[in-house]
Protein chains: 2
Amino acid sequence: MSMQLSPAIQELIHALRLLPGVGAKTAQRMTFQLLERQREGAMRLAHALTTAVERVGHCEQCRTLTESSICTICANPKRRDSGLLCVVETPADVMAIEQTGQYQGCYFVLMGHLSPLDGIGPEDIGLDVLAQRLHQDGLHEIILATNPTVEGEATAHYIADLARSRGIKTSRIAHGVPVGGELEFVDQATLGHAFSGRKLID
Amino acid sequence: MSMQLSPAIQELIHALRLLPGVGAKTAQRMTFQLLERQREGAMRLAHALTTAVERVGHCEQCRTLTESSICTICANPKRRDSGLLCVVETPADVMAIEQTGQYQGCYFVLMGHLSPLDGIGPEDIGLDVLAQRLHQDGLHEIILATNPTVEGEATAHYIADLARSRGIKTSRIAHGVPVGGELEFVDQATLGHAFSGRKLID
Ligand SMILES: [Zn+2]
Ligand SMILES: [Zn+2]
C-alpha cells in the first residue's frame, strides 16, 4: 500500500486475515467497519476470543471442544447407556449430526483424520484413547462418520480394523453424503438418511 | 441448536457474527478453526482488536482513522501546499485513491454521507469543520469523490453549494466510476481515469 496506515490498523488487518476465508480486501473492510462503527463490538469480540482460548479445552472422553472436563453429551447417562459410539472428524460434525435429532448415542471426535503425508498418525487423532474405549462395557456399535474423502475413508478403514480385532460391530454412514463433500455442510435430511441407511462393515 | 455448546464457544460465534459478511455458519466455522488450530492467532486477533480500539482515533484535520493527532497525509507539507482537497466518504476511499498514485493533495473524510432519513445531517459528517477549512489560504480546488450513489451525489451537491458560496473551484470525479457502485471496489486504472477526467461544477 502506498498509503502509510497506522501500525495498529495494519496489525488488525493482518490479524483478521488469520480467519478462514478472509482475504486482504475483506480484512481491510472489516477493520474499517469495526473502527468506524462497531468499537463496542470489536471489544466484545476481543473479550470473547480471550475467554474462549482460556476456557475451552477438550472433553476427556470424546475430545470435543468444551469448557468442562466432560462435555454435556458424554455426561448424559442415557447417551452413555445407548451403547453407540459415533466417530467424527470435528466438533462441527457433532453439531451437524445433533441437528438431525436422529442420533442419541455418544461421539468420539478425532479432531482431524489420518494423513501420513502431513505426519498425522493414529495417536495424533486420539486412536490410542479410542482403542481403550473399545473395552468399555455395553459398547455394541461403532458408527464411522468420518468425511467421505480419501483421508476420511482411510481413517474409517483403520478404525474398522481396530474394532473388528476387538469383535465390535462397526458401521459406516452411507447414503446421501456426497463423495468429496464435507459432512458439516450436508443438509439435515440427507444426514439423517445417511444415519438410518448405515451399513455394517463385514 | 439442539446441541448445548459451551457458553464461551457460543459467545465467540455470536461475537464473530458482528463482522461484516459473516453469517451463522461462517462464524461457527471460524470459531472451531480458531479453537482447534489457531489459538495463538486468536490471541493475536484479540490483542489487535483491543489495541486498535484503544489507540485509533480521527485525524484532527481530515477525520480519517489514525493513531496520531494528525495523519501522515495531512502532516506532509507538499500535500498541504498542493491547494487540493479531495472529499471522500470513508478511510477506505482514501486508500483506494492513494493506490492510484495519481493524486498528491489532501483529503477530507466525511465518515459517511448525508442521509436525512437516518437522521444524518451536515454536522454528523463534519461539514461544519469542512466549512472552516474553506477559509484556508492557498486552497484552490475541492475535488468531490463521494460515491456515485443517491446519498453520495446529494452530499456532493451540498458541498459544491457550500464551496461555491465561498468562491472556491469545485470538481466532481466523473469518468469510469460505475453508477451505484462503491469507490472502494473500483480498480486503480478506472479510478485514476476518473481523477484525470474530472469536470468542473459550474
Ligand atoms: Zn464428550
Ligand atoms: Zn489527516
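Just so it is clear, the model here is predicted, and its values are computed rather than measured. (Residues numbered from 1 in each chain as written. Chains lettered and ligands numbered in written order. Predicted model: local features only at pLDDT ≥ 70, side-chain atom pairs only at ≥ 80, totals over all residues. Heavy atoms only, no water.)

(A) Molecular detail of helix 5 (residues 91–98) of chain B. Of all eight residues that make up helix 5 of chain B, eight are buried, and the element is covered over most of its length. Looking at helix 5 of chain B, one finds that the buried residues are Pro-91, Ala-92, Asp-93, Val-94, Met-95, Ala-96, Ile-97 and Glu-98 of chain B. (Buried < 20%, exposed > 50% of the residue type's maximum accessible area, 1.4 Å probe, protein only. Helix = DSSP H or I, 4+ residues; strand = E, 2+ residues; numbered from the N terminus.)

(B) Structural detail: the layout of surface pockets. As a volume, the largest pocket reaches approximately 490 Å³. Taken together, 17 residues make up the lining of the largest pocket; nearest its centre are Glu-89, Thr-90 and Glu-182 of chain A together with Glu-36 and Arg-37 of chain B. Only helix 5 (91–100) of chain A together with helix 2 (24–37) of chain B provide two or more residues apiece to the lining of the largest pocket. If you tally residues by element for the lining of the largest pocket, the top one is helix 2 of chain B, at five residues. Along the lines of polarity and charge, the residues of the lining of the largest pocket split into four nonpolar, six polar and seven charged. Elements with a minimum of two residues in the lining of the second largest pocket: helix 2 (24–37) of chain A together with helix 5 of chain B. Ranked by residues supplied to the lining of the second largest pocket, first place goes to helix 2 of chain A with five residues. Among the residues forming the lining of the second largest pocket, the class breakdown is four nonpolar, six polar and seven charged. (1 Å grid on protein atoms, 1.4 Å probe; cavity = no way out; pocket = protein on both sides within 12 Å on 5 of 7 lines; lining within 4 Å. Points joined across faces, edges and corners; volume = space filled by probe spheres on them. Nonpolar A, V, L, I, M, F, W, Y, C, P; charged D, E, K, R; others polar.)

(C) Highlighting the packing of aromatic side chains. Residues and elements named next belong to chain A. What the rule picks out here adds up to two aromatic pairs over all chains. Geometrically, the ring pair formed by Tyr-103 and Tyr-107 is edge-to-face, given 5.2 Å between the ring centres and 65 degrees between the ring planes. The exposure class of Tyr-103 is buried, given its relative accessible area of 4%. (Phe/Tyr/Trp six-rings, centres within 6.5 Å; stacked < 30°, edge-to-face > 60°.)

(D) Main features of the relation of the copies chain B and chain A. Each copy of the sequence occupies a distinct position, and chain B is placed on chain A by a rotation of 180 degrees and an axial shift of 0.0 Å, giving an RMSD of 0.0 Å. Those values place the two copies in the arrangement expected of a two-fold rotation axis. Of the C-alpha atoms belonging to chain B, the one lying closest to the rotation axis is found on Ala-46 of chain B, 2.0 Å away. (Least-squares fit on C-alpha atoms with pLDDT ≥ 70 in both.)

(E) Looking closely at unusual backbone geometry. Despite not being glycine, Met-111 of chain A has its phi angle at roughly 60 degrees, a positive value. Assessed through its relative accessible area of 22%, Met-111 of chain A is described here as partly exposed.

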